[in-house]
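# Geometric and topological summary
Chain by chain, the residues run as shown.
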Amino acid sequence: MRQASHIFRNPHPGIAVVLFVLTAGLTALFNFLVIDDPKEGTWSFWGTPGLVGLAAWFVNVVLVYRSRYLKTNYVLGWYWFLLLLATHPEGIKLHHAWVSMLFAIWLAMAYELGDERKNGLVSRSNLGLFSAFLGIFSVAWWSSIAPAWLALRSGNPRQPARTYLQIGAAWAIGFALMALVWTMQGKTLGTELAPLWSSPSAWHMPGAGSIVLLLWLALALGETLRAMTSAKKAKRRGLLLSWIGIFWAVGLYAWQGPETNASAILSVFAAPHMVNLQSYMKRAWMIRLLDISLLAAAFSAVL
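This write-up is about the structure you can find in this document.

Definitions and cut-offs
- Residues numbered from 1 in each chain as written.
- Predicted model: local features only at pLDDT ≥ 70, side-chain atom pairs only at ≥ 80, totals over all residues.
- Heavy atoms only, no water.
- Helix = DSSP H or I, 4+ residues; strand = E, 2+ residues; numbered from the N terminus.
- Buried < 20%, exposed > 50% of the residue type's maximum accessible area, 1.4 Å probe, protein only.
- Axes fitted to C-alpha atoms, helices over the stretch in contact; angles between N-to-C directions.
- Parallel < 35°, antiparallel > 145°, perpendicular 65-115°, else oblique.
- Contact = heavy atoms within 4.5 Å.
- Expected span 1.5 Å × (residues − 1).

### Remarks on unusual backbone geometry
Note: most residues except glycine have negative phi, and most peptide bonds are trans. Phi angles above zero are rare outside glycine, and R68 is one such case at about 70°. Phi is positive for N261, close to 55°, though the residue is something other than glycine. Looking at the element boundaries, N261 is found in the loop between α10 (233-256) and α11 (262-279). For N261, a relative accessible area of 14% translates into the label buried.

Below you can see the structure in the form of structure tokens.
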């Protein structure tokens, strides 16, 4: 099947520079337009675009290298950025970029669960321990143990009980270490976990960018079903992992609200589906429509 052209399909290393410059520049422009008081003289105003540009490269490299099905180019980093832009109509902050990088590492570890070249026990233990490590930044992120367990079933539904126990044991060790640190600091477990039982401070209605993303994800679901019957095992597993992450991120938002940075997490898990979707587009205008619709929805926040 002949594919339409896209600048970031070019695997030349120089395209990485284009990705960095373009994502950083668009971030600076977007923040300048949507933030009421952008504070141009602050480090954050100039540092955020740089970190977003670096994150676009990092997310791309980590997931392409570990997925075993994403092609070696820079399309993934570009679509991660478009989704990040579209789902943050109030502006992109520094923490949105590093949250995405953390969960790119989580997804890369989840990819390794199905890699026969890796030691299965080590891969499962690493994922469980890292899921516990995420709780340092947000106690709600400890729930990432749930998609970690589901990730085991994405490649082979018939997993022995010990594989679930191995992930759970590693997570429990990380959780116990954090509880010990809290105790040494004079804190109590109940106090630290209290936010999990409280209602979020506020929910926001989905913006134009989120609505456009949902429409594209609906189309991506159809292409996922198509891939389930014709794609290689690594791709089938990778797409299922992304759907698991998408549903978890949406549930996280419904449970704890925007404080969990669920939109930045969603951008990581949804980006592979945008890559898969555009790979089936035979005409250039279709890909341009995908890119332009996400950009237009994001910049509609300026109006």
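### Points about the packing of helix α9 (residues 208-230) against helix α12 (residues 284-299)
In a pair of packed helices, the angle between the axes and the distance between the axes together describe the arrangement. Where α9 meets α12, the axes come as close as 8 Å, and the angle between the chain directions of the two elements is 155°. Classified by the angle between their axes, α9 and α12 sit roughly antiparallel to one another. Mapping the contact onto sequence places A208, G209, V212 and W216 in α9 and L289, L290, S293, L294 and A297 in α12.

### Observations concerning helix α4 (residues 94-112)
An α-helical turn contains 3.6 residues, so any two residues separated by three or four positions project in the same direction. End to end, α4 covers 28 Å across 19 residues, agreeing with the expected 27 Å (1.5 Å per residue, within 8%). In terms of residue burial, α4 counts as a mostly covered element, since 14 of its 19 residues are buried.

### With respect to the environment of E116
Mapped onto the fold, E116 is located in the loop between α4 and α5 (120-134). When the C-alpha positions of E116 and F20 are compared, they lie 33 Å apart, and in sequence the two are 96 residues distant. Excluding its chain neighbours within four sequence positions, the residues that come into contact with E116 are R68 and K233.

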